[in-house]
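Geometric and topological summary
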Amino acid sequence: MKITAVVATLALLGGGALAQTLDELRHDGSNPDNVLTYGMGYSLQRYSPLRQIDRMTVKRLVPVWSLSLDNPWGEQAQPLVYNGVMYVTDAKASVAIDVATGRQIWKTPVDWLPETPRVVCCGVSSKGAAIFNGKVFRTTLDSYVVALDQKTGKEIWKQKAAEWMDGTSMTVAPLIAGGVLITGISGAEFGIRGFIDGWDPDTGKHLWRRDTIPARGEPGNETWPQDTDAWQHGGGSAWITGSYDPDLDLTYWGTGNPAPWASQTRPGDNLYASSVLALRPKTGEIVWHYQFTPGDQYDYDAVWELILADIDVAGSNRKVVMQLNRNGFLYVLDRTNGQLISAKPYEKVSWASEIDLKTGRPVETDVARNLRAGQEVELWPSTRGAKNWPHAAFNPQTGLLYANTMHRGALYRHIEVKPWVAGQRYQFVENRVAPLPPGEAPAHMDAIDPLTAKPRWRAPLTDHPQWSAMLATGGGLLFTGKETGEFIAVDAETGKTLWQFQTGSGVNAMPITYTQNGRQYVTVLSGLGGLYLNTNRQQLTNVPLGGSVWTFAVMPD
Amino acid sequence: MMRVGSLLIAVLACAPAAAQEPNSFAPEQIRLGAEIFARNCSPCHGPRMQDPEGAFDLRTLPAEQHSRFVNSVSHGKNSMPPWAGLLKAEEIEALWAYVMAGEK
């Protein structure tokens with residue numbers, strides 16, 4: 001691969017231990033000292049074969065250092081590690097930390113106007129950074145993309161992706177794929193028209209924009225009303241980092257709900273909202289697409305992690321992309337061409353009875369029809385989904401997905417849609433929590449078979465759902481965290497919690513594991529924030545705010 | 001953007017908002033407040049102020065706390081962002097009228 005060779009040469013000439021290459025990014029995980037990509041590998045499996053910390057040794061897991069992030073807005077990010085330095089982002093700063101000691105090396109603040117959170121529907125945060133060739137890349141709440149010097153934290157370039165006062169914001173962690181820096185956008189709750197951008201990582205030059213809602217005359221626009229400009233405020237944001245298959249040279253990005261949530265002004269399928277787009281990273285060309293929820297009227301974003309794996313399907317090894325969709329179905333698609341292989345419910349679903357594998361479309365129930373007709377319905381899953389963004393893990397050894405899921409319905413109806421106004425909400429629904437049937441838990445940890453969507457085990461959570469990503473390890477463990485602050489290790493075979501540690505605030509972030517000098521570490525951010533805090537502040541009054549980084553290792557004998 | 005009717009302006013001009021009797025707000029003002037609420041506030045404070053989940057339960061806001069209300073809405077509080085740049089003063093007063101009048 002020519003570009004890889006050029007970049008590798010440049011890296012060598014630069015002599016930088018900081019200048020990691022595309023090849024290193026591609027093989028993230030082969031050197032366990034580093035965590036170079038969002039998702040711990042381009043496949044977003046959040047799996048590490050490391051096994052020093054296992055079911056037996058985990059009881060001796062202790063904190064080795066903690067660093068304050070001095071941030072009240074909440075911590076959701078996944079840290080990255082390269083050559084002994086950890087890179088952490090939140091909405092207010094980017095930080096480099098010495099992995100050995102936990103000491104801060106540099107900290108670069110991020111400034112945005114105090115009004116900016118007005119256009120952030122669901123939590124002021126940052127999901128993380130990308131690193132490549134001596135630079136740290138991140139997005140800002142007010143919709144800029146920034147490159148920092150990996151060594152000093154000094155800004156190298158800064159580009160405006162969009163105008164925040166029009167309702168856009170950025171919390172997404174960028175992706176480096178095929179040498180291109182790729183970012184998405186948030187703001188469907190404010191009636192933006194979503195997009196995915198490609199940038200030159202060296203200079204910040206804008207290379208391409210893939211609007212997720214096609215313009216008049218482009219394929220897909222025919223799924224929008226032709227006599228109004230509904231498509232221009234059609235939503236379809238892209239606020240979670242895509243996966244990447246370097247062999248196929250395709251990057252997979254999920255798109256958010258169409259706007260407004262109430263669907264009466266946008267009859268039709270509304271491509272490419274609530275879909276997966278398989279894109280060429282160098283051009284942004286759509287190679288194939290699949291829409292999970294046509295004419296979505298429920299806020300069923302499809303932005304969650306699109307996990308890549310090669311799995312056995314009816315006796316043949318298939319390259320698949322998997323998603324535990326917000327709409328309650330677990331989709332498995334052939335990632336070479338977008339063909340639907342399987343789509344089974346993994347939670348209670350009331351809006352559709354099944355997904356027709358021949359047409360790829362949901363078979364809608366009366367709930368969907370009555371909602372469209374203006375009635376209040378009991379919607380399962382609720383608008384927050386059978387699963388929200390906290391990412392699942394996939395262990396290729398067990399072939400199972402591990403996820404924090406939710407079991408809630410909504411009493412939900414559409415109200416009159418008003419004209420779009422810059423920076424104002426563009427949802428037009430009434431949305432209340434439906435009563436939970438007695439004896440049912442509002443959330444679970446699940447081990448799920450991808451093709452049947454049946455749980456191998458379910459561990460009920462009776463107080464709060466967990467809003468942390470899962471991390472699966474070769475030691476037979478899962479790591480995740482609780483809104484009440486506990487960082488936990490779970491037996492991946494049974495769902496039993498084997499170990500926990502109380503951090504100083506809520507844990508709603510993405511744990512990682514790596515080694516240094518042969519010792520295995522686990523790191524997670526603590527800092528209550530995000531949508532769950534917004535909707536459950538009264539229930540979390542005894543969980544203080546405030547960000548910090550926590551790193552753990554097994555105490556020597 | 002919704003325009004406030006001249007009648008409403010007149011009502012606002014001659015009536016102090018603080019500690020006003022709930023039934024003394026102009027219906028147009030309450031209606032405007034309800035519209036702004038349904039669009040921008042209900043996602044956190046609950047539809048028609050019911051089921052506010054984690055956000056402040058506006059049904060419990062005492063009538064003498066007009067200035068606290070205007071200050072919080074204008075400048076933000078906890079997770080709530082400042083609204084002053086987006087909503088006009090009379091629109092925030094309309095929200096106050098709606099909150100005080102309550103859902104019937």
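Scroll up a little and you will see the structure.
We now turn to the structure provided with this report. (Residues numbered from 1 in each chain as written. Chains lettered and ligands numbered in written order. Predicted model: local features only at pLDDT ≥ 70, side-chain atom pairs only at ≥ 80, totals over all residues. Heavy atoms only, no water.)

All names here are of chain A. Ordered by their spatial adjacency, four strands build an open sheet running 11-12-13-14, and the pairing between neighbours is antiparallel. Looking at which strands have only one partner, the edges of the open sheet turn out to be strand 11 (175-177) and strand 14 (206-211). If you compare each strand with its neighbour and ignore which way they point, the axes differ by 25° on average. Here strand 12 (residues 180-183) pairs with strand 13 (residues 195-199) via three bridges, running antiparallel. Within the sheet, the bridge partner assigned to T183 lies in strand 13 and is D197. (Pairing = 2+ DSSP bridges. Helix = DSSP H or I, 4+ residues; strand = E, 2+ residues; numbered from the N terminus. Axes fitted to C-alpha atoms, helices over the stretch in contact; angles between N-to-C directions.)

Before going further, it helps to examine the layout of surface pockets. Volume-wise, the largest pocket comes out at about 870 Å³. B:H45, B:K77, B:N78, B:S79 and B:M80 are, among the 39 residues lining the largest pocket, the residues nearest its centre. Sorting the residues of the lining of the largest pocket by element identifies helix 4 (531-536) of chain A together with helix 2 (27-45), helix 3 (66-75) and helix 4 (89-101) of chain B as the ones contributing at least two each. Here the lining of the largest pocket takes five residues from helix 2 of chain B, the largest share from any one element. Its residues assigned to classes, the lining of the largest pocket shows 23 nonpolar, eleven polar and five charged. (1 Å grid on protein atoms, 1.4 Å probe; cavity = no way out; pocket = protein on both sides within 12 Å on 5 of 7 lines; lining within 4 Å. Points joined across faces, edges and corners; volume = space filled by probe spheres on them. Nonpolar A, V, L, I, M, F, W, Y, C, P; charged D, E, K, R; others polar.)

Residue and element names in this part refer to chain A. Counting through the fold element by element, Q466 comes out in the loop between strand 31 (455-461) and strand 32 (471-473). A polar contact is formed between the side chain of Q466 and the side chain of K482, at a distance of 2.9 Å. Not counting chain neighbours up to four residues away, the residues in contact with Q466 comprise P390, N404, M445, L461, T480, G481, K482 and I488. (Polar contact = N/O pair within 3.5 Å; in protein donor to acceptor, adjacent residues only side chain to side chain. Contact = heavy atoms within 4.5 Å.)

It is worth spelling out the environment of B:C41 at this point. All names here are of chain B. By the element assignment, C41 lies in helix 2. A residue is classified by how much of its surface remains accessible, and C41, at 14% relative accessible area, is buried. Along the chain, C41 and P52 lie eleven residues apart, while their C-alpha atoms are 9.9 Å from each other. Ignoring anything within four residues of it in the chain, the contact list for C41 reads I36, G46 and L95. (Buried < 20%, exposed > 50% of the residue type's maximum accessible area, 1.4 Å probe, protein only.)

Moving on, we get to the sheet that holds strand 4 (residues 85-90) of chain A. Remark on secondary structure: sheet strands pair via backbone hydrogen bonds, oriented parallel or antiparallel. Residues and elements named next belong to chain A. Strands sit in the order 3-4-5-6 across an open sheet of four strands; the sheet is antiparallel. A single partner strand is all that each edge strand has here, and the edge strands are strand 3 (80-82) and strand 6 (104-109). Mean inter-strand twist for the sheet, computed between neighbouring axes without regard to direction, equals 15°.

Before going further, it helps to examine the pairing of strand 12 of chain A. Residue and element names in this part refer to chain A. Neither face of strand 12 is open: one carries V180 and I182, the other L181 and T183, and all of them are buried. Across three bridges, the pairing between strand 11 and strand 12 is antiparallel. Across the sheet, I176 pairs through a bridge with L181, a residue of strand 12. Between strand 11 and strand 12, which follow one another and run antiparallel, lie two residues, and G178 among them has a positive phi close to 60°.

All names here are of chain A. Both strand 23 (residues 352-356) and strand 24 (residues 361-364) contribute to a ladder of four bridges, which runs antiparallel. In the strand pairing of strand 24, E354 is matched with V363. The loop that links strand 23 with its antiparallel partner strand 24 comprises four residues; one of these, G360, has a positive phi angle of about 75°.

Here the focus is the interface of chain B and chain A. Reports often express the size of an interface as the amount of accessible area lost when the parts come together. The interface is formed by 24 residues belonging to chain B together with 28 residues belonging to chain A. Summed over both sides, the interface of chain B with chain A buries roughly 2300 Å², with 49% coming from carbon and sulfur. Across the chain B-chain A interface, the total number found is three salt bridges. For A:E430, the salt bridge identified is with B:R48, shortest N-O distance 2.5 Å. Linking chain B with chain A are eleven residue pairs in polar contact (both at pLDDT 80 or more). Looking at the side of chain B that touches chain A residue by residue, the class counts come to twelve nonpolar, seven polar and five charged. (Buried area = accessible area lost by both parts, 1.4 Å probe. Salt bridge = Lys/Arg side-chain N within 4 Å of Asp/Glu carboxyl O.)

Here we come to empty space enclosed by the protein. Rolled over the atoms, a probe with the dimensions of a water molecule shows which regions are left empty. Taken as a whole and judged by the stated rule, the model has five cavities of 30 Å³ or more. Counted as a void, the largest cavity has a volume near 610 Å³. A:C121, A:C122, A:E189, A:R425 and A:L531 are, among the 45 residues lining the largest cavity, the residues nearest its centre. When contributions to the lining of the largest cavity are tallied by element, the ones reaching two or more residues are strand 29 (429-433) and helix 4 of chain A together with helix 2 of chain B. Ranked by residue count, the leading element in the lining of the largest cavity is helix 2 of chain B, at six residues. Class assignment for the residues of the lining of the largest cavity results in 17 nonpolar, 17 polar and eleven charged.

Once that is clear, we can look at the state of the cysteines. Here, the word disulfide means a covalent bond between the sulfur atoms of two cysteines. Taken as a whole, this structure holds one disulfide over all chains when the rule is applied. The structure places no disulfide on B:C41, whose sulfur is separated from the nearest cysteine sulfur, that of B:C44, by 8.9 Å. Unpaired in terms of disulfides, B:C44 finds its nearest cysteine sulfur in A:C122, a separation of 8.3 Å. A residue is classified by how much of its surface remains accessible, and B:C44, at 31% relative accessible area, is partly exposed. (Disulfide = S-S within 2.5 Å.)

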